[in-house]
Amino acid sequence: REEIMIFALIFIESLAASFILLLGCVVGIAKNNVNLVCFYEKPVWDRVIEKGLITKKQIIKNANLFKLFSVLPLLVVTLFCVYYINGARGFLEGFWQITAILIISGLFDRFFIDTYWVGHTNAWIIPGTEDLMPYIHKNTMIKKWLLTLVGFPAISAILSAVMMIFIQ
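Now for a quick tour of the structure.

Parameters and conventions
- Residues numbered from 1 in each chain as written.
- Predicted model: local features only at pLDDT ≥ 70, side-chain atom pairs only at ≥ 80, totals over all residues.
- Heavy atoms only, no water.
- 1 Å grid on protein atoms, 1.4 Å probe; cavity = no way out; pocket = protein on both sides within 12 Å on 5 of 7 lines; lining within 4 Å.
- Points joined across faces, edges and corners; volume = space filled by probe spheres on them.
- Helix = DSSP H or I, 4+ residues; strand = E, 2+ residues; numbered from the N terminus.
- Nonpolar A, V, L, I, M, F, W, Y, C, P; charged D, E, K, R; others polar.
- Core = buried A, V, L, I, M, F, W, Y, C linked by side-chain atoms within 4.5 Å.
- Buried < 20%, exposed > 50% of the residue type's maximum accessible area, 1.4 Å probe, protein only.
- Contact = heavy atoms within 4.5 Å.
- Salt bridge = Lys/Arg side-chain N within 4 Å of Asp/Glu carboxyl O.
- Axes fitted to C-alpha atoms, helices over the stretch in contact; angles between N-to-C directions.
- Parallel < 35°, antiparallel > 145°, perpendicular 65-115°, else oblique.
- Left-handed = near helix turned anticlockwise from the far one by under 90°.
- Phe/Tyr/Trp six-rings, centres within 6.5 Å; stacked < 30°, edge-to-face > 60°.

Digging into the layout of surface pockets
Here the largest pocket is characterised by a volume of approximately 710 Å³. In this structure, the largest pocket is lined by 27 residues; those nearest its centre are Phe 39, Phe 66, Val 71, Asp 109 and Leu 147. Looking at the lining of the largest pocket, the elements that each hand over two or more residues are helix H1 (2–30), helix H3 (56–85), helix H4 (91–120) and helix H5 (138–167). Considering every element that reaches the lining of the largest pocket, the biggest residue donor is H4, with 8 residues. Here the residues of the lining of the largest pocket are counted per class, giving 19 nonpolar, 3 polar and 5 charged. Computed from the structure, the second largest pocket encloses a volume of approximately 220 Å³. Leu 23, Gly 24, Val 27, Gly 28, Asn 35, Leu 36, Asn 62, Leu 65, Phe 66, Phe 69 and Ser 70 together form the lining of the second largest pocket. Going through the elements one at a time, H1 and H3 are the ones with two or more residues in the lining of the second largest pocket.

Have a look at this one:
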């Protein structure tokens, strides 16, 4: 019964992590979708810089702001959920819970944000760059999938190891 409760919590926490990611994207493109051009391929960067829509300095700044206000909160919330709400204590217990949350939110990112929202809606289209679509090329998508399926467990292992220092 306790295991079912943990799985339910992890599912809910994964939704919260996915929402943090989604919120970061919504806020990032709210006024102008060129603000998150940091997620596009290099030729799109070059085109929007050439057109005077944004500077390289601003692209880098926006990427760092996204990391600060989306990625960092996602990790902090995940750790809070796993170690405070779920009560994980050992490395392995924390590792699998962090991994589950990150992979589920990563799948949300791959399927909903990358494939559907960016790939099949007009929300991310920057006028004057349509000829550079798709915005996420096959090689980039492969890298994102590797990050989700291999990188997130590695990140989870590091976070779990760090948490073991603080818990003990």
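The rest of the description comes next.
Focus on the nonpolar core
Val 37, Tyr 40, Val 44, Tyr 83, Trp 124 and Ile 126 are the most contacted members of the largest nonpolar core, which has 42 residues in total. When sequence neighbours within four positions are dropped, the list of residues in contact with Val 37 reads Val 44, Trp 45, Val 48, Ile 54, Ile 59 and Ile 126.

Some words on the pattern of salt bridges
Using the criterion set out here, one finds 5 salt bridges in the structure. With a closest N to O distance of 2.7 Å, Asp 46 and Lys 42 form a salt bridge. With Asp 46 and Lys 42 both in helix H2 (residues 42–50), this residue pair falls 4 residues apart, about one helical turn. Overall, Asp 46 belongs to the partly exposed group, its relative accessible area being 37%.

A few points about the environment of Cys 38
Within the secondary structure, Cys 38 sits in the loop between H1 and H2. Sequence spacing of Cys 38 and Met 163 is 125 residues, and the spatial spacing of their C-alpha atoms is 31 Å. Look past the residues within four positions of Cys 38 in its chain and what remains in contact with it is Trp 45, Ile 59 and Ala 63.

Let's talk about the packing of H3 against H4
At their nearest, the axes of H3 and H4 sit 10 Å apart, and the two run at 140 degrees to each other. Between H3 and H4, the crossing angle belongs to the class labelled oblique. Along this stretch, H3 crosses H4, giving a crossing that reads as right-handed. Side by side, H3 and H4 meet where Leu 74, Leu 75, Thr 78, Leu 79, Val 82 and Tyr 83 of the first sit next to Gly 94, Phe 95, Gln 97, Ile 98, Ile 101, Leu 102 and Ser 105 of the second. Tallied by class, the residues present in the contact of H3 with H4 amount to 9 nonpolar, 4 polar and no charged.

Here we look at the packing of aromatic side chains
Think of a pair of aromatic rings as described by two things: how far the centres are apart, and how the planes are tilted against each other in angle. For the structure shown, the criterion picks out 11 aromatic pairs. Arranged with centres 5.9 Å apart and planes meeting at 5 degrees, the rings of Phe 91 and Phe 95 form a pair that is stacked. Taken together, the positions of Phe 91 and Phe 95, both in helix H4 and 4 residues apart, correspond to about one turn of that helix. Classification of Phe 91 as partly exposed rests on a relative accessible area of 34%. One aromatic cluster in this structure is built from Tyr 40, Phe 108, Phe 112, Tyr 116, Trp 117, Trp 124 and Tyr 135.

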